[in-house]
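As a plain string of letters, each chain reads:
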Amino acid sequence: MSDMTHPTAAAKPPREHALAEAFLMLWRDKFAFLSACFLLLVVIAALFGPSLLPDQALQMNLRGRNAPPFELERGWLYILGADNMGRSLLARLVIGSRYTLMIAGSAVVLALVVGTILGLIAGYRQGRIATIILRGADILMSFPSLLLALIVLFVLAPSVGNVVLVLALSRVPVYLRTCRAEVLEIRERQFVKAAKVLGASHARIVFLHILPNVVPTLMTLATLEFAAVMLSESSLSFLGLGVQAPAVTWGLMVADGRGYLASAWWLSFWPGVAISLTAISANLMANWIRTATDPAQRWRLEKRTRA
Amino acid sequence: MRSYFRQRTMQSAISLFGLVVLVFFLARLTGNPTDLLLPVDTPLAVREEFAARHGFDQPMLVQFGRYLLDLLQFDFGESLRDGRPALQMVLQAFPTTLLLSFWAMLISLVIAIVTGSIAAWRPGGVFDRIASLISLAGASIPNFWIAIVGVLVFSVWLRALPTSGTGTPWHWIMPVTVLFVRPCGVLTQVVRSSMIDALASPYVKTARARGVRSRVVIFGHALRNAMLPVVTVAGDQAAGMVNGAVIAETVFGFPGIGKLMIDSIMFRDFAVIQAAVMVTAVAIFVLNILIDLAYALLDPRVRHG
Amino acid sequence: MSKFRMANLLCGVAIGSVVATGAFAQDDANAITIVTPYAFDNIDACNSSSEVGLVVRENVVEALTHLNPESGKPEPRLATSWEQVEPTVWRIKLREGVTYSDDSAFDADAVSRSIERMFNPKLDCLNRGKLFANIRLTPKVVDSHTIDISTEKPQPLMPIFMSFLTIESPKTDFDAMTSTPVGTGPFAIPQRNAGDAIVLVRQDKYWGEAPAVSKATYVRRDESALRAAMVEVGEADIGLNIAIQDATNPETDHGYLNGETTRLRFSFEGPLADIRVRKAMNLAIDREALRDGLFNQDYAIATQMFLPRINGYNPDMKPWPYDPEQAKALIDEAKKDGVDVGAEIPLISRINFYANGQETMEAMIAMWQMVGLNVKLQPMERAQWLKLVNKPYAEPRPAMLIQEQHDNNSGDATFTMHFRYHSTGQQSEFGDPELDHLIDAADAASGDERVKLFQQANAYSAENVVPDVMMFHMVNYMRISDRLEFKPDGVTSTMMELSQIKFRGTN
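The following paragraphs examine the structure supplied in this document. These figures come from a predicted structure and were not determined experimentally.

Each value, and the rule that gives it
- Residues numbered from 1 in each chain as written.
- Chains lettered and ligands numbered in written order.
- Predicted model: local features only at pLDDT ≥ 70, side-chain atom pairs only at ≥ 80, totals over all residues.
- Helix = DSSP H or I, 4+ residues; strand = E, 2+ residues; numbered from the N terminus.
- Buried ≥ 20, exposed ≤ 12 C-beta atoms within 10 Å, placed from the backbone.
- Contact = placed C-beta atoms within 7 Å.
- Nonpolar A, V, L, I, M, F, W, Y, C, P; charged D, E, K, R; others polar.
- Pairing = 2+ DSSP bridges.
- Axes fitted to C-alpha atoms, helices over the stretch in contact; angles between N-to-C directions.

Across the chain, the bulk of peptide bonds are trans and the bulk of non-glycine residues have phi less than zero. Residue and element names in this part refer to chain C. Of note, the amide linkage connecting Lys391 to Pro392 takes the cis form, showing an omega dihedral of 0°. Along the polypeptide, Pro392 turns up in the loop between α11 (382–389) and β16 (401–407). Following Glu395, the chain continues into Pro396 via a peptide bond in cis, with omega recorded as -10°. With respect to the element layout, Pro396 can be found in the loop between α11 and β16. Although it is not a glycine, Asn356 sits at a positive phi angle of roughly 65°. C-beta crowding within 10 Å serves as the criterion here: with 20 such atoms nearby, Asn356 is assigned to the buried category. A positive phi is found at Val466, a non-glycine position, where the angle reads about 50°.

See below:
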């Protein structure tokens, strides 16, 4: 909630320097830099993985079930070991990144957009509409997400799109309520009151004065939710309500490998690590972006740049 | 204040009714308990007899009308699986989950507020880095993973804790841990980021400029301002505990409402699903009212329509 | 403010509940704990043909006869002898000097009442639905320890049925299920409410030999790894349904055929209406590779839907050979005749069906892919899957394979054959007059003739109909603490007699 009493006063560097400057700031923050590299890797895997390793991830080898990691005799593809069908875990991680990112990304964005819009309305407009929205959120919150998943599976079919729908629906209230709480506070601030007195339209007040102040908190929440959604997807898979084989996601791999934690830990360990690393990287990047774009915080990165 | 409560209770009652209607009809879209409770090889005639005995052969609206009439007499129906009153089953299971959630939330909040605040004092500092990494890792580890690895390490390998079940306080350690790790990670991040904002706000800056040297005082002011989003997110995490508790209760054999709910959903034990949803919904509505009260306490400017 | 009060309250409850429950240490050296994945929601005696039988059958409520786990032959239990006095009437002599644990006397009236109770339409009795849906038993008391049971049609299987007739106390509520069944068995269940833990306590009035176990507590844990861990650290003595990957200790982990047989059923539609395609799909599967890769040597490759100890098992049938070349040849032949062998065939699997089920399906699909067939996995939740399994089928019925598992723990083939292979069977996909005739003839026959006819029916079906892809006779693993002396057998999946459990080093 950085108080942007003078939102236009934030210094903006000339455009051509902006990129170089950003990269320099990123380079100075080693954690953020590593995160960026990892995220880039994941995105590349998601984009090109399925065309690079189309067969390796599906190639079964029942004699090589649960092959342990760090043994190179089977080839570098088996460096992380093999799963319970003898398939290369590395190849499956690469292939799995596409659906994982797609599902988690779309679910988070969908929930974020819907939740924010409803939250802005509920916070700004109070009265009957706000009441309806909030009680609707209450209903959605108390509706068991498992039942929701089962209903969607039954009425529709278990497809990637429907998994996104279930995950997004059950997360909307989180954004809605956070957004509304922020709006309630911001709309009482001086600059919003001033804008009202000056006769600014509702749309102008909401989009120009309130939204920019809500976004940082919501972005923090969204990046955190990214991990939560990947894990929910995993729980759905485990209960058989999520993505179905032969499609692969990291969540599905974690869930499938769970029975082997005592005998072949690597089956669910590596996809778990992939989820954690992606979530951590996304959050570190988000923190960095917040710092870098916040005039009140920017000095933390610039000081080192100039030192 | 009293009129606020009255209004809020009215609204909640209406939402509750909406929820009942939704759950009643949507749950019935997911298949018939007749098929699920009877063995696969059961002859058709026996299935039809079973459905008729429990009223599943009636039109949906008739079933709903009957359910509402019973509900008015505070009769929530009986479990198809063992014939017990649904409400009794739910109320028996509820305290376990409430306790699990309470301890998990309490520990999460305490750790999150302390760690998040200290991390916010110097963003990018060593403490912030370490706290961020740990909390983010905590927020992204699958909880059944923690549960099973916990059993393997602490029970089988070290023989320090009982594997599962209820009884002594030792039995609670692993389930509570499984439940608190994720909310704790999320809350730490939220506390951290709103504390950074709060510490940078003109209000706190002014206090500093006025010569308030004491870190404690500055922290106190900032924390109060930073609590609004924390309360919201904490509320959401608490409301999500019923879902989160499913894993802990399943793995550790805790007779809570999460486990009851999932078993009932899998068997389409409608009466129990409905009773469980209603009881949790009431709990969540109460929680929401508490959150609204917390807003009002934290920020007197927030008024309720 | 109210928050703090609530906190105090909650702490109080926490401490209270801990003190109240206390630690349940095994103070009695002969008390055992059994950890299972089952909820045992309703342990009424008339559900004893389901997994509820693990708890109550023969431990609490005894049946009239007892099936020998090896031969499958009925042996005396509460009945001492039986004979078919008329084609539709069996006369049964009952054991004398037996009392229930609630002191009621065991006699013909009690048996009669127990049978009538099972047929009471107000009760959801699984035994009635599973075994006696089409067979009405009519009891008639002859004298205090003799009873006649009559049926509409001649019933040669009565002695086998009698092993499912668990006779509860005459004081049992006739119109309601009970959560505290009372019987004549060596164990009694202390008063409990539904939902409480199930504890069986040895009772002194038992007519037979007193068992070594004094008390048995049944605990539910859903995770196989956890059940295994509980036995390993000594919190439990027996862990049921341990997953293969957790059954790593040959000293404590025992495998046993659990009576289940797995197969994929063909719908006789589209390309699957052609027998060459169905044969090719069988030839394309390397069952040994599947077994050794995904399961282990304890699993048996199945040629028919039940185990060798069942009446009517045909020992001469051979498993399908693995012959992808011939499979391809058959498919090519069918293709020439205009069969659409390239069509995508869905394989309807059931989510969380049996251990390694999903992996097996994926491996089989890969094997079919190698002979050019396009099979696609379509996992379903149980309720969805059920809609496709039982008649009446929705029209039009698509070409598909359906993953199935069937247990015949009864001892006779009829439970299996009629349902699946007779044209009127509820899960049959075809009608073959010759096969119908064989099954009908077998149903009416008894003794060796019956066995022979069922054997013929099985062989005929596998050769001339090819209604399924037979897979395996399945195995369960049980982890048994080394302080116990006990071995599971073929009927352990529906019955576990505590009286057979001995303690090591105490005798």
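Okay, the interface of chain C and chain B next. Each side of the interface is counted separately: chain C has 43 residues, and chain B has 43 residues. When contributions to the side of chain C that touches chain B are tallied by element, the ones reaching two or more residues are α1 (2–21), α4 (126–131), β10 (215–220), α6 (224–233) and α11 of chain C. The element that contributes the greatest number of residues to the side of chain C that touches chain B is α6(C), accounting for six residues. Taken together, the residues of the side of chain C that touches chain B sort by class into 22 nonpolar, ten polar and eleven charged.

Across a sheet, paired strands are connected by hydrogen bonds in the backbone, their directions being either parallel or antiparallel. Residues and elements named next belong to chain C. The four strands lie next to each other as β4-β5-β7-β6, forming an open sheet whose pairing is antiparallel. Here the strands that pair on one side only, and so sit at the sheet edges, are β4 (79–86) and β6 (138–143). Across the sheet, the mean angle from the axis of one strand to that of its neighbour is 25°, orientation sign disregarded. Of the strand pairs in this sheet, β6 and strand β7 (residues 146–150) are connected by five bridges, and their pairing is antiparallel. Along β7, the bridge assignment pairs Lys140 with Asp148. Packing of helix α3 (residues 108–118) onto the sheet brings it into contact with β5 (89–94), β6 and β7, and relative to β6 it is tilted by some 175°.

What follows concerns the interface of chain A and chain B. Facing 52 residues of chain A, the contacting portion of chain B comprises 57 residues. Counting residues per element, the ones that place at least two in the side of chain A that touches chain B are α4 (127–142), α5 (145–155), α6 (160–186), α8 (202–238) and α10 (266–293) of chain A. Its residues assigned to classes, the side of chain A that touches chain B shows 27 nonpolar, 16 polar and nine charged.

A few words now on the pairing of β4(C). Residues in a regular strand point their side chains to alternate faces of the sheet. Residues and elements named next belong to chain C. When β4 meets β5, the two strands line up antiparallel, connected through six bridges. Residue pairing in the sheet places Gln84 in a bridge with Trp90 of β5. Taken together, β4 and the strand that follows it, β5, pair antiparallel across an intervening segment of two residues.

Any link to function would need more than the numbers given here.
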